[in-house]
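# Working through the structure, step by step
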Amino acid sequence: MADRYARILGTEEDKVNCPFYYKIGACRHGDRCSRTHLRPHFSQTLLMPHLYLPPPPGPDGQPVDDSEPFEDFYEEILDELAKFGELEEMHVLENLGDHMFGNVYIKFHTEEEAEACLKTMSGRYYAGRLVAPEYSPVTDFREARCRQFDEATCNRGGYCNFMHLKYVPRHLRRLVRDTRKKRKKKKSRSRSRGRDRDRKRSRSRGRDRDRDRKSSPARDFKRSGSEERRAKIAAWNKDRSDTSKEAAAPAAAAPEQKEA
């Protein structure tokens, strides 16, 4: 039973859970959907609904070229989100449906980074609009994107229920990769600093041990020759005899005072 449920979860055979919300993180029926939307309590992926608004169409009703404003938007959002951690993917939709229009998906390297971003960005404003990030069940964008749109053969147009991802230029994709490189450099720097501290500590400990060994009389005794050893033993015996005589002298003087 459990194997069958795991197999049909998020598919058309699943009559309980909404397959579109499971794959895309959005459903055109919203809360009125007859199936359950499994909203995750934690995830690597965040959804920021309707964050990107393209410029209005021209006088003839045709969409205008938004490559320049889109690049400015993408770079600005990327710089802000990179503060929270390593970004693996960032996608902007160009679907026209109300439930997908202007949606931005951000996938972080860890769930903790996504949580920090969600807590910080919630309640903030961008271009006069409230930012309301939420956890998304989408982890594999290959299953969520429209393959026919990638091949320029999608007949549904902008109202397709699968993701139509906006084209991201190469230099912006390089910026996403740079966030991962910077994160790795920071980790390597912290590790190298820790190694340097460990090396310094080990060196200082080694110096202390050398000092203790040099100042130890037992070390000096082992290293000395046979004649020196005999002389040292004789000096130790003489010191012992002198101290014993000094200790016995007061004890012998006490009875003489009583007799007087």
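Conventions and cut-offs
- Residues numbered from 1 in each chain as written.
- Predicted model: local features only at pLDDT ≥ 70, side-chain atom pairs only at ≥ 80, totals over all residues.
- Heavy atoms only, no water.
- 1 Å grid on protein atoms, 1.4 Å probe; cavity = no way out; pocket = protein on both sides within 12 Å on 5 of 7 lines; lining within 4 Å.
- Points joined across faces, edges and corners; volume = space filled by probe spheres on them.
- Nonpolar A, V, L, I, M, F, W, Y, C, P; charged D, E, K, R; others polar.
- Helix = DSSP H or I, 4+ residues; strand = E, 2+ residues; numbered from the N terminus.
- Buried < 20%, exposed > 50% of the residue type's maximum accessible area, 1.4 Å probe, protein only.
- Contact = heavy atoms within 4.5 Å.
- Salt bridge = Lys/Arg side-chain N within 4 Å of Asp/Glu carboxyl O.

Let's shift gears to the layout of surface pockets. For the largest pocket, the calculated volume is near 420 Å³. Split by residue class, the lining of the largest pocket holds 11 nonpolar, 5 polar and 3 charged. Lining the second largest pocket are 14 residues, with Y74, M90, H91, V168 and R173 sitting closest to its centre. Of all elements in the fold, only β2 (87-92) and α7 (170-215) reach the threshold of two or more residues within the lining of the second largest pocket.

It is worth spelling out the environment of L93 at this point. Residue position: L93 is located in the loop between β2 and β3 (104-108). Judged by its relative accessible area of 1%, L93 falls in the buried class. C-alpha separation for the pair L93 and L165, spaced 72 residues apart in sequence, amounts to 4.7 Å. Here L93 is in contact with M100, G102, N103, Y105, M163, H164, L165 and K166, once residues within four sequence places are set aside.

Glancing now at the pattern of salt bridges. Inspection of the entire model under this criterion finds 9 salt bridges. With its nearest N and O atoms 3.1 Å apart, the salt bridge here joins E115 to K119. Within this pair, E115 and its partner K119 are both found in helix α4 (residues 111-121), separated by 4 residues, close to a single helical turn. K119 gets classed as exposed once you look at its relative accessible area, which sits at 58%. For D140, the salt bridge is made with R142, and the minimal N-O distance between the two is 3.0 Å. Classification of R142 as exposed rests on a relative accessible area of 60%.

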